[in-house]
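Chain and residue survey
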Amino acid sequence: MKMALQGNTLRIKDADNVQFIVIKSWNKMRWVKKLQELRGTADLELLDRLAGLVRLPPDIDRRRSELRSCTNRLKPF
């Protein structure tokens, strides 16, 4: 599976059938038929779920860490 982060958009290509079905079941990404890829907003929930499914590339994992630290700062005690 190939992943790319463009701004706040996560793009996934070449996912196998099982990965594709699991990712689509989350209803966080949509299939772009013309480009043959999944696209969705790279929010913390999606990135956490993907991290449980596959190992994230360093740039995407960095984005996940940034979102997590931001969320932790905003949570009340």
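It should be noted that the structure appears before, not after, this text.
Residues numbered from 1 in each chain as written. Predicted model: local features only at pLDDT ≥ 70, side-chain atom pairs only at ≥ 80, totals over all residues. Heavy atoms only, no water.

**Observations regarding the overall build of the chain**
Broken down by element type, the chain carries three helices and four strands. From first element to last, N terminus to C terminus, the chain shows the α and β order β-β-α-β-β-α-α. Summarising its shape, the C-alpha atoms of the chain cover approximately 45 × 20 × 20 Å along the three principal directions. The proportion of buried residues among the 77 residues of the chain is 27%. Partitioning the contacts of the chain with sequence separation of at least 6, the portion at a separation of at least 24 is 44%. Counting every atom, the chain has about 5,400 Å² of accessible surface; 51% of that belongs to carbon and sulfur. Of the side-chain charges in the chain, 17 are positive and 9 negative, and the distance between the mean point of each set is 4 Å. (Helix = DSSP H or I, 4+ residues; strand = E, 2+ residues; numbered from the N terminus. Buried < 20%, exposed > 50% of the residue type's maximum accessible area, 1.4 Å probe, protein only. Contact = heavy atoms within 4.5 Å. Areas by Shrake-Rupley, 256 points an atom, 1.4 Å probe, with all protein chains shown as cover. Lys, Arg positive; Asp, Glu negative; His and termini not counted. Charge placed at Lys NZ, Arg CZ, Asp CG, Glu CD.)

**Here's the deal with the environment of Met 29**
Within the fold, Met 29 resides in the loop between helix H1 (17–25) and strand E3 (30–32). For Met 29, a relative accessible area of 6% translates into the label buried. On a C-alpha basis, the gap between Met 29 and Thr 41 in space is 7.4 Å, while along the polypeptide they are twelve residues apart.

**With respect to the nonpolar core**
Ranked by size, the top nonpolar core spans 16 residues in total, and within it Met 3, Leu 10, Ile 12, Ile 23, Met 29 and Leu 50 carry the most contacts. For this core, the elements supplying multiple residues, two or more each, are strand E2 (9–13), helix H2 (44–53) and helix H3 (58–74). Ranked by the residues each element gives to this core, the list is headed by H2, at four residues. (Core = buried A, V, L, I, M, F, W, Y, C linked by side-chain atoms within 4.5 Å.)

**A closer look at the sheet that holds E3**
The strand order E1-E2-E4-E3 describes an open sheet built from four strands, whose pairing is antiparallel. The open sheet has two edge strands, strand E1 (2–6) and E3, and neither has a second partner. Going from strand to strand, the sheet's axes swing by 30° on average, the running direction of each strand aside. Sitting on the sheet, H2 touches E1, E2 and strand E4 (37–41), and the angle it makes with E2 is about 30°. (Pairing = 2+ DSSP bridges. Axes fitted to C-alpha atoms, helices over the stretch in contact; angles between N-to-C directions.)

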